[in-house]
Amino acid sequence: MKESGFTAYAKTTLMSVIVGVLAGIAATVFLYSLDLATRVRLAHPDLIYFLPLGGLALGWLYSTYGKDVAAGNNLILQEIHDPKKVLPLRMAPLVLAGTLVTHLFGGSAGREGTAVQMGATLADQLAAPFKASAAQRKILLVAGAGAGFGAAVGAPWAGMIFGMEVIRVGRLQLIAPFECFVASFVAYLTTRIFEAPHSLFGHVTVQAFSLPLCASVLAAGILFGLCARGFSALTHGVEALQRKYISYPPLKPFIGGSILVALFWLEGSFRFTGLGIDSIQRSFSETMSFADPIKKALFTAITLGTGFKGGEFVPLVFVGSTLGSALTQFLPMATGLAAALGFAAVFAGASNTPLACSIMAAELFGISIAPYALVACFASFYVSGRSGIYRAQKNRDRKRLP
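Residues numbered from 1 in each chain as written. Predicted model: local features only at pLDDT ≥ 70, side-chain atom pairs only at ≥ 80, totals over all residues. Heavy atoms only, no water.

> An account of the overall build of the protein chain is needed here, citing residue identities and associated values.
A count of helices and strands for the protein chain gives 16 helices and two strands. The C-alpha atoms of the protein chain give a radius of gyration of 20 Å, which matches the 21 Å a tight globule of 402 residues would have. Seen through its C-alpha atoms, the protein chain measures out along the principal axes to roughly 65 × 55 × 45 Å. Counting only residues that meet the buried cut, the protein chain has 58% of its 402 residues in that class. (Helix = DSSP H or I, 4+ residues; strand = E, 2+ residues; numbered from the N terminus. Rg over C-alpha atoms; globule rule 2.2 N^0.38 Å. Buried < 20%, exposed > 50% of the residue type's maximum accessible area, 1.4 Å probe, protein only.)

Here's what the structure looks like:
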């Protein structure tokens, strides 16, 4: 029997609430676990030298139990575009374990990508008990991905938009805005109830409006877009090289980890291991070096390109905030404002989600930054090109990105 309009609406609303609770609990567990792994690594710096062995174990784990879920966020996008089968539940614990291993041994990776995968995977498990149709499965996946993002970042409005915007390049698909709203805010409130350890950056004081400031914001946005484009190309290039020359899957992160250990040792400061939250926070008050975003982008591309887990968000935030801070040597912008714009705009260009990232900036740094964030994020998006960090995103003009 076909469901009535009210019954279908009530059903998807209930599912959205459950999705939010599941995504919020998953994000909370993940953030606490990641905080512990980071503190252990910082207390025992020599753990970095075990990164190749951690990579070997991670590669074996995925090659043995996770071949069908190794695509991560791209697998989620593929299911949204063409729903075929429910995401395997093991995707959530696998990506959680993989991310914790990566960070425990100092890999340069993020965390929000993991939260997105966990949120979408847990949401998709509701398809069977609720007898969800293909259209309702799309809603579950979109709402779950957005709820995971918003819960991990601490930006529920951005989470609501992210799940819908990330689907297709250059077009916001309003698949289920109400359900996405419910899931994202319930997930965020869940993390607040359990006092999940979100990273705090504080509000940014915005300079008085002026034409030179607007021109500087636009110029910075263009540079942020070029940076995002370069990072995507570098990461995809590392992936292509290891596919071409390494056939045994566990060896990919083992070799990648070995290269990283050597590079970390040569660099000497070990500032580019893990999340790098301290450096991000410093970039809001200090003028950083142009070497900082270059090094972080290189280390992250090797980490993720060779099979370690964790996602790109925080590394791209590191790259963007330090680049923005460094640009104040030449552009008439306050350091805090430039860092905040880079924080949002580099990820906006790399993920093709300029609206969600503009909203995120307003949530994290204050509403007064919104006009400048919109300029920087959309400039970055237009300059960064159509092929970002998510290969399964669809182009509004073509079926699939190259």
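Here the narrative resumes.
> Break down the nonpolar core for me, citing the residues and quoting the values.
If you look at the biggest cluster of nonpolar residues, it comprises 106 residues, and the most contacted ones within it are Leu341 and Met360. Per element, the largest residue contribution to this core is 12 residues, and it comes from helix α14 (residues 335–351). Not counting chain neighbours up to four residues away, the residues in contact with Leu341 comprise Val217, Phe224, Met333, Ile369, Tyr372, Ala373 and Ala376. (Core = buried A, V, L, I, M, F, W, Y, C linked by side-chain atoms within 4.5 Å. Contact = heavy atoms within 4.5 Å.)

> Go over empty space enclosed by the protein with me, naming the residues and quoting the values.
Applying the stated rule across the entire model yields three cavities of 30 Å³ or more. Here the largest cavity is characterised by a volume of approximately 80 Å³. Of all the secondary-structure elements, those providing two or more residues to the lining of the largest cavity are α3 (73–81) and α7 (156–165). Looking at which element gives the most residues to the lining of the largest cavity, the answer is α3, with four residues. Of the residues contributing to the lining of the largest cavity, the split by class is eight nonpolar, two polar and no charged. (1 Å grid on protein atoms, 1.4 Å probe; cavity = no way out; pocket = protein on both sides within 12 Å on 5 of 7 lines; lining within 4 Å. Points joined across faces, edges and corners; volume = space filled by probe spheres on them. Nonpolar A, V, L, I, M, F, W, Y, C, P; charged D, E, K, R; others polar.)

> Can you explain the layout of surface pockets? Please cite residues and give values.
Over the atoms rolls a probe the size of a water molecule, and its path tells where empty space is left. Its boundaries defined by the atoms lining it, the largest pocket holds a volume of some 830 Å³. In terms of lining, the largest pocket is formed by 34 residues, of which the most central are Ala70, Glu239, Leu304, Gly307 and Lys309. At the level of elements, α2 (51–65), α3, α5 (112–124), α9 (211–245), α10 (251–267) and α12 (291–305) are the ones that each hand at least two residues to the lining of the largest pocket. With five residues, α9 is the single largest residue contributor to the lining of the largest pocket. For the lining of the largest pocket, the per-class residue count stands at 11 nonpolar, 16 polar and seven charged.

> If you had to explain α7 to someone new, which residues and values would you point to?
With respect to burial, α7 is a largely interior element, nine of its 10 residues being buried. Those residues of α7 that sit buried are Pro156, Ala158, Gly159, Met160, Ile161, Phe162, Gly163, Met164 and Glu165. Against α5, α6 (134–153), β1 (168–169), α8 (177–193), α14 and α15 (354–365) lie the buried residues of α7.

> So what's going on with α2? Which residues, and what values?
Because an α-helix packs 3.6 residues into every turn, residues spaced three or four apart end up facing the same way. Taking 1.5 Å per residue, 15 residues should reach 21 Å; α2 reaches 21 Å between its end C-alpha atoms and fits that length. Taken residue by residue, α2 has Leu51, Pro52, Gly54, Gly55, Leu58, Gly59, Tyr62 and Ser63 as its buried positions. Angular distribution of buried residues about the axis of α2 spans 160°; they occupy a single face of the element. Contacts from the buried residues of α2 go to α4 (91–104) and α10. (Expected span 1.5 Å × (residues − 1). Arc of directions from axis to C-beta.)

> Before we move on, can you summarise the pattern of salt bridges with the specific residues and values?
Counted by the stated rule, this structure contains nine salt bridges. As a salt-bridge pair, Glu79 and Arg137 come within 3.2 Å of each other at their nearest N and O atoms. Taken together, the residues Glu79 in helix α3 and Arg137 in helix α6 connect sequence positions 58 residues apart. A salt bridge links Lys295 to Glu267; its shortest N-O distance comes to 3.5 Å. Residue Lys295 is located in helix α12, and its partner Glu267 is located in helix α10; the two are separated by 28 residues in the primary sequence. One connected set of salt bridges, linked through shared partners, spans Glu79, Asp124 and Arg137. (Salt bridge = Lys/Arg side-chain N within 4 Å of Asp/Glu carboxyl O.)

> Hey, could you go over the packing of α9 against α14 for me, with residue numbers and the actual values?
Packing of α9 against α14 brings their axes to within 8 Å, and their N-to-C directions diverge by 45°. With respect to each other, α9 and α14 are oriented oblique. The crossing of α9 and α14 is right-handed. Packed against α9, whose contacting residues are Leu213, Val217, Phe224, Cys227, Ala228 and Ser232, the element α14 presents Leu337, Ala338, Leu341, Gly342, Ala345, Val346, Gly349 and Ala350 at the interface. Tallied by class, the residues present in the contact of α9 with α14 amount to 11 nonpolar, three polar and no charged. (Axes fitted to C-alpha atoms, helices over the stretch in contact; angles between N-to-C directions. Parallel < 35°, antiparallel > 145°, perpendicular 65-115°, else oblique. Left-handed = near helix turned anticlockwise from the far one by under 90°.)

> Break down the state of the cysteines for me, with residues and values.
The full count for this structure, using the stated rule, is zero disulfides. Counting only cysteine sulfurs, Cys377 is the nearest neighbor of Cys214, a cysteine outside any disulfide, at a range of 15 Å. With a relative accessible area of 25%, Cys214 lands in the partly exposed category. No disulfide involves Cys227; its sulfur sits 13 Å from the nearest other cysteine sulfur, which is in Cys377. What makes Cys227 partly exposed here is its relative accessible area of 21%. (Disulfide = S-S within 2.5 Å.)

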